[in-house]
Amino acid sequence: MKRRFLAYPYLLWMLIFIVVPLLLVLFYSFTTATEDGFAFTLDNFKTFMQPIYLKVLWRSLALAAISTIVCLILGYPAALILSSRQMSRKSFLLFLFVLPMWMNFLLRTYAWLTLLEKNGFINTILSVFGIEPIQLLYNDGAVVLGMVYNFLPFMVLPIYSVLKKIDPSVIEAAEDLGANQVTVFRKVIFPLSLPGVFSGISMVFMPAVTTFVISRLLGGGQYMLIGNLIEKQFTAVYDWHFGSAVSIVMMVIILISMGILSKYDNDREGGGLW
Amino acid sequence: MAEHIIELVDISKTFDSTEVLKTINLYIRKNEFLTLLGPSGCGKTTTLRIIGGFEQPTTGKVLFEGKDITSLPPYKRRVNTVFQRYALFSHLSVEENIAFGLKIKKLDKATIKEKVRNALKLVNLEGYENRSVDSLSGGQQQRIAIARALVNEPDVLLLDEPLGALDLKLRQDMQVELKRMQKQLGITFIYVTHDQEEALTMSDTIVVMKDGLIQQIGTPEDIYNEPKNAFVADFIGESNIIPGIMKKDCLVEFCNTIFDCVDKGFGVNEPVDVVIRPEDVEIYPDDSGKLQGIVESVTFKGVHYEMIIRTDSFAFTAHNTLMFPQNSKVSISVAPDNIHIMKKAVN
């Protein structure tokens, strides 16, 4: 208890950079600028309820969900292979997974731009075989690709670390009790890895649903996800009140989805939000 | 002679150029309680894992009721295992843990429920069906692990130091209970331990192993009373191991003194190891014994006192219910049939 003061610098940091901005966002979202200052209003939220914005919200959620599912489908087997005892070059493979994370996020995404362009790498190769250039960029597929590429490590790593911690004798026990490899996976390995799957899902879904860089680069200038919408309010339209309201809606949606996830994730120690 | 349920034929096992097992030949009779006993690293657990199918022997065959099962995966063997650290499924309840094997066999629900209840009754944990595994104590978890294995009615139950993590009292209770279950169910138990007392208490047959080789196979009485070599003698209970010379049949010299013994068939003047159990060292307060010595230390051990008695050439460990005070002069003798003569160990 005596050492509590050691937490003060962090608490101060949190107060200045997290709590205060959050309160400001909350304040802006429920107010509007008038001639003599601010006035309370719900108009910002009402504006957001228009079909055009709801469509953006829906599209963001759908693309993030698709990306998360693709990450799970690609990431789980990868984590499984990485964690298997027979893997000898494990650290090298793990290194390959982590390597892209060392590069700047923007740079990585720009790299895809040059690959997918009309005169880019892939289309150049295709033209060698006499295939007409395909429009690879500026559509949902390119955005999903960008999300999967950028966020896949966040799916693989938590699953890998949970799988690695499973006691091999538990798997042997299942085999001993008559389970073949498929049953062992279905009844023991997969259920035991669920905490990793849940944290992988939340670590991919959250950044995917709010991204604005990937959607702007790979989706093109006209492409609108919720992240882009919020960004535009602050950088182009200068309607901070509406931008704050959208942010609040977004936050509530993420909180609710995290809450639902942690309901299924009873095993995680302590500090769940709900 | 009883039927052999499992036979190991010329089994050897090498891990990354380390020879863990060197030519193991062993048969296990139906319904016996067989213990693989030895210090850590002797290959006892590897032997068990080869029987369970978790390791493939480098050479040799595993026979089950005469049929070769060497390459059969674990889930096809009629053998179940109780693991050292229980290896319970933490995501399942007690009932689901025990029912795991039965569900795979696709038994109907009512039968499973009945069998689980009986299994819990067998391990004295009735009514624990819906508890979560994590809420149980170590001893209870081990009972669940045993129930989970036994509920499948295996022909052979393999136990890999199952009591290693329990405290002494609990361990002793579980030893008695395991023996009871084995008798009640008539299942062959193959038990791995490094605890010689545990082995002596429970086993019908003890296999003493060292450095990947079987040192001796026998009943607990055989192993304790007639150890084949100095290693076995030393490992099974405490022993005084004294270098000696066989003068002729039934006459041995050690500590510069000639003793009568009951062993025959050694060469004249052959160097041997003389093994004497501490409880067989007779102590006299006067000089009427054959060797004179001084009590160097006295330790109270509960039932008896452990005393170190130093003679001119050897410090004997002696157990006696009477206490001889430290630094007092005593003399010791050993009865002829308590002197065990062993060939000198080659290494």
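Residues numbered from 1 in each chain as written. Chains lettered and ligands numbered in written order. Predicted model: local features only at pLDDT ≥ 70, side-chain atom pairs only at ≥ 80, totals over all residues.

A separate point is the overall build of chain B. Within chain B, the secondary structure is distributed over eight helices and 20 strands. Within chain B, the fraction of its 347 residues that count as buried is 40%. The long-range fraction of contacts in chain B, counting pairs at least 24 apart against all pairs at least 6 apart in sequence, stands at 65%. (Helix = DSSP H or I, 4+ residues; strand = E, 2+ residues; numbered from the N terminus. Buried ≥ 20, exposed ≤ 12 C-beta atoms within 10 Å, placed from the backbone. Contact = placed C-beta atoms within 7 Å.)

In this section: the sheet that holds strand E5 (residues 67-68) of chain B. Residues and elements named next belong to chain B. Within the open sheet, the four strands sit side by side as E2-E1-E4-E5. Their pairing is antiparallel. Where the open sheet ends on each side, the last strands, each with one partner, are strand E2 (18-29) and E5. One ladder, built from five bridges, connects strand E1 (residues 4-15) with strand E4 (residues 59-64); its direction is antiparallel. Across the sheet, residue serine 12 finds its bridge partner in E4, namely threonine 59. (Pairing = 2+ DSSP bridges.)

This part is about the sheet that holds strand E11 (residues 240-248) of chain B. Residues and elements named next belong to chain B. The strand order across the open sheet built from five strands is E13-E12-E11-E14-E20, with neighbouring strands paired in antiparallel fashion. Strand pairing shows two members of the sheet lacking a second neighbour, strand E13 (257-260) and strand E20 (340-343), which therefore form its edges. For this sheet, the mean inter-axis angle between neighbouring strands, taken without regard to orientation, is 45 degrees. Note that E11 and strand E12 (residues 251-254) share three bridges and pair antiparallel. (Axes fitted to C-alpha atoms, helices over the stretch in contact; angles between N-to-C directions.)

Attention now goes to the interface of chain A and chain B. Listed as interface residues are 15 residues of chain A and, on the opposing side, 16 residues of chain B. Residue assignment for the side of chain A that touches chain B shows that the elements contributing at least two residues are helix H8 (168-176) and helix H9 (181-210) of chain A. It is H8(A) that contributes the most residues to the side of chain A that touches chain B, six residues altogether. Here the side of chain A that touches chain B is composed, by residue class, of seven nonpolar, four polar and four charged. (Nonpolar A, V, L, I, M, F, W, Y, C, P; charged D, E, K, R; others polar.)

Now for the packing of helix H2 (residues 94-104) of chain B against helix H3 (residues 109-122) of chain B. Residues and elements named next belong to chain B. It is the contact of H2 with H3, at a shortest axis distance of 10 Å, that shows an interaxial angle of 125 degrees. Overall, the two elements H2 and H3 adopt an arrangement that is oblique. The handedness of the crossing between H2 and H3 comes out as right-handed. The residues of H3 that touch H2, namely those facing Glu95, Ile98, Ala99, Leu102 and Lys103, are Ile112, Lys115, Val116 and Ala119. Per-class residue counts for the contact of H2 with H3 are six nonpolar, no polar and three charged. (Parallel < 35°, antiparallel > 145°, perpendicular 65-115°, else oblique. Left-handed = near helix turned anticlockwise from the far one by under 90°.)

Considering every residue of chain B, the mean pLDDT works out to 91; 99% of them sit at 70 or more. Taken together, the chains of this predicted complex give a pTM of 0.79 and an interface ipTM of 0.79. (pLDDT = per-residue confidence, 0-100.)

A separate point is the confidence of the model for chain A. Mean pLDDT over chain A stands at 87; residues scoring 70 or higher make up 93%. Segment residues 267-274 of chain A is flagged for pLDDT under 50; beyond a separation of four residues in sequence, or across chains, it makes nine contacts in the model.

The next point concerns H2(B). All names here are of chain B. When we look at burial in H2, the residues that qualify are Val94, Asn97, Ile98, Ala99, Phe100, Gly101 and Leu102. Buried positions along H2 lie against H3 and helix H4 (138-150). Of the residues trailing H2, lysine 106 is marked for its positive phi of about 60 degrees.

Counting residues in each nonpolar core, the largest one holds 99 residues, and the members touching the most others are Ala145(B), Ala147(B), Leu157(B), Ile190(B), Val207(B) and Val252(B). Mapped onto the domain boundaries, this core takes at least three residues apiece from domain 1 (4-230) and domain 2 (242-343) of chain B. Discounting chain neighbours no more than four positions away, the residues touching Ala147(B) are Ile98(B), Ala119(B), Leu120(B), Leu122(B) and Val123(B). Trp112(A), Leu152(A), Met155(A) and Phe205(A) belong to the second largest nonpolar core, which has 43 residues in total. (Core = buried A, V, L, I, M, F, W, Y, C linked by C-beta atoms within 7 Å. Domains from an automatic or database assignment.)

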